[in-house]
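Descriptive analysis of the structure
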Amino acid sequence: MRRSAWTGLAAVMVCFGAAAAADPLTTAVRGDMPQLLDIYRDLHAHPELSFEEVRSAAILAAEARRLGFTVTTGVGRTGVVAVMKNGAGPVVLLRADMDALPLIERTGLPFASKITAKTREGATTGVMHACGHDTHMTAWIGTARRMAAMKDRWSGTLVMVAQPAEEIGSGAKAMLDDGLYTRFPKPAFAVAFHDSAALPAGTIGYADGYTMANVDSVDLLVKGVGGHGAYPQLAKDPVVLAARIVTALQTLVAREIDAQEAGVVTVGSFLAGTKHNIIPDEAKLQLTVRSYTPAVRKILIDGIARIARGEAIAAGMPDDRMPVMVVKDEFTPATFNTQPVTGRVTTAFTNRFGKARVQQLRAQMGGEDFSRFSLDQDGVQSLLFWVGGVPQAKWDAAGGDVTKLASIHSPFWAPDAAVTIETATEAMVTAALELMPKG
């Protein structure tokens, strides 16, 4: 283990008190850390895009088999399901996601990714674990090790899931469609964590109820009539029309949903034209649409279609040149932390880590397809919590101002891996022990 990692752990021990270090679980997890950090560095240096997580899945599957889990690979294309039965009791599902992002890494880490790959669209890109899924996989292994070693402390069935393709919102659905809840024991509880670039390393955050948003991707083709830029009166300019649509869309959140509800409509891409003096035939917009409730989601999606058509009519477009809207099928439903599991587990976290390290947070507008493991699944309670990853020195230097820090999905995101993985492993084991008590 590198000296810097040990320094980080030592700082956490001082910060959070020597009592925690004497705890048997804390001591055992800390003893696993040298090997876990070697695994982390390997996973970080060898990231894989969505549905291409073959190497990562093999590492997790091999570790689970060695520990005595019954392991099935290729679930939902590249997913792993590891099952350990340990007497009577509830079924608990613990999930980690495996995929990385199409980014060129700029962290400067000695084990930084140098991997390149082709995206689904055929573009060659760098690949990076800019969302921290490498910490998720490593903590998954750490949790599996502790649960296998502590079988005298729990009773029930543990289902460890390594999920592909979270970044494109498709992996959880692929695993469910491939029989996750029919081929394997269906859980009473589903639990996962995500590293956070908005919390100092070693801190746990959670929300009660909605925690992550519905995510819709919308493509909008704005049609026009092309022509020479010097003679706009002979054309119908789709660039001007698309610009009007972009501006008008902002009124959806500002004026059409309840001020106490939440919604986001962001135009992330605006593509049109090829040359200074050519009015193009069309413009293409790509939108991300975020909400929590089904009602607000409907208002936003219906409103986009209405505004696009209304602006086109106002611009004098004929019926055969109306905008074409496509809501992509990669919809990610909102993640909802249910009760009583959220209360039970977060109370256990507070008892273990202390009040200073466990914070209740507001819901976020990011998306997570972990929601599908409980969505419309009768009897499945779920909890997604956060584990802070920001190195303490960087957090202190920024004064806790997250706008001064690298975010997840940034090429600069480099969590304090030692503290994040240790905290996450201990938290996941704590959750499992709370939900599957012995006797």
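Source: prediction; values computed, not measured.

**Topic: the overall build of the protein chain**
- The helix and strand tally for the protein chain stands at 12 helices and 18 strands.
- C-alpha atoms of the protein chain, sized along the principal axes, occupy 80 × 45 × 40 Å.
- By residue count, 54% of the 439 residues in the protein chain fall in the buried class.
- Counting contacts in the protein chain only where the partners sit at least 6 residues apart, residues at least 24 apart contribute 82% of the total.
- Counting only carbon and sulfur atoms, one obtains 54% of the accessible surface of the protein chain, whose full area is about 18700 Å².
- The positive charge centre, built from 43 side chains, and the negative charge centre, built from 44, are 3 Å apart in the protein chain.

**What to know about the nonpolar core**
- Grouped together as the largest cluster of nonpolar side chains are 60 residues, with contacts concentrated most on F69, W140, F349 and F385.
- Here this core gets 11 residues from one element, more than from any other, and that element is helix α12 (residues 417-435).
- If we ignore the near neighbours within four places in the chain, the residues touching F349 are I204, G354, V358, F385, A427, T430 and A431.
- Listed in part, the 23 residues of the second largest apolar core include L220, A248, L300 and I307.

**Quick look at the sheet that holds strand β14 (residues 282-291)**
- The strand order across the open sheet formed by 4 strands is β12-β14-β10-β15, and the pairing between neighbours is antiparallel. In the strand order of this sheet, the two ends are held by β12 (263-272) and β15 (324-327), each with one partner. Each adjacent strand pair in this sheet contributes to an overall mean axis angle of 20°, direction not counted.
- Sheet topology note: the β12/β14 ladder contains 9 bridges and is antiparallel. Within β14, the position partnered with L271 by the bridge is K284.
- Each of β10 (214-223), β12 and β14 is contacted by helix α8 (residues 238-256), which is oriented at about 170° to β12, the strand it contacts most.
- With respect to the sheet, helix α9 (residues 294-314) is in contact with β10, β12, β14 and β15, its orientation differing from that of β14 by roughly 165°.

**Concerning the packing of α8 against α9**
- Relative to each other, α8 and α9 sit at 145°, their axes nearing to 9 Å. Of the two elements, α8 crosses α9, and the hand of that crossing is right-handed. Residues L241, R244, I245, A248, L249, T251, L252, V253 and E256 of α8 pack against I299, L300, G303, I304, R306, I307, A308, E311 and A312 of α9.
- Of the residues contributing to the contact of α8 with α9, the split by class is 12 nonpolar, 2 polar and 4 charged.

The rules behind these values
- Residues numbered from 1 in each chain as written.
- Predicted model: local features only at pLDDT ≥ 70, side-chain atom pairs only at ≥ 80, totals over all residues.
- Heavy atoms only, no water.
- Helix = DSSP H or I, 4+ residues; strand = E, 2+ residues; numbered from the N terminus.
- Buried < 20%, exposed > 50% of the residue type's maximum accessible area, 1.4 Å probe, protein only.
- Contact = heavy atoms within 4.5 Å.
- Areas by Shrake-Rupley, 256 points an atom, 1.4 Å probe, with all protein chains shown as cover.
- Lys, Arg positive; Asp, Glu negative; His and termini not counted.
- Charge placed at Lys NZ, Arg CZ, Asp CG, Glu CD.
- Core = buried A, V, L, I, M, F, W, Y, C linked by side-chain atoms within 4.5 Å.
- Pairing = 2+ DSSP bridges.
- Axes fitted to C-alpha atoms, helices over the stretch in contact; angles between N-to-C directions.
- Left-handed = near helix turned anticlockwise from the far one by under 90°.
- Nonpolar A, V, L, I, M, F, W, Y, C, P; charged D, E, K, R; others polar.

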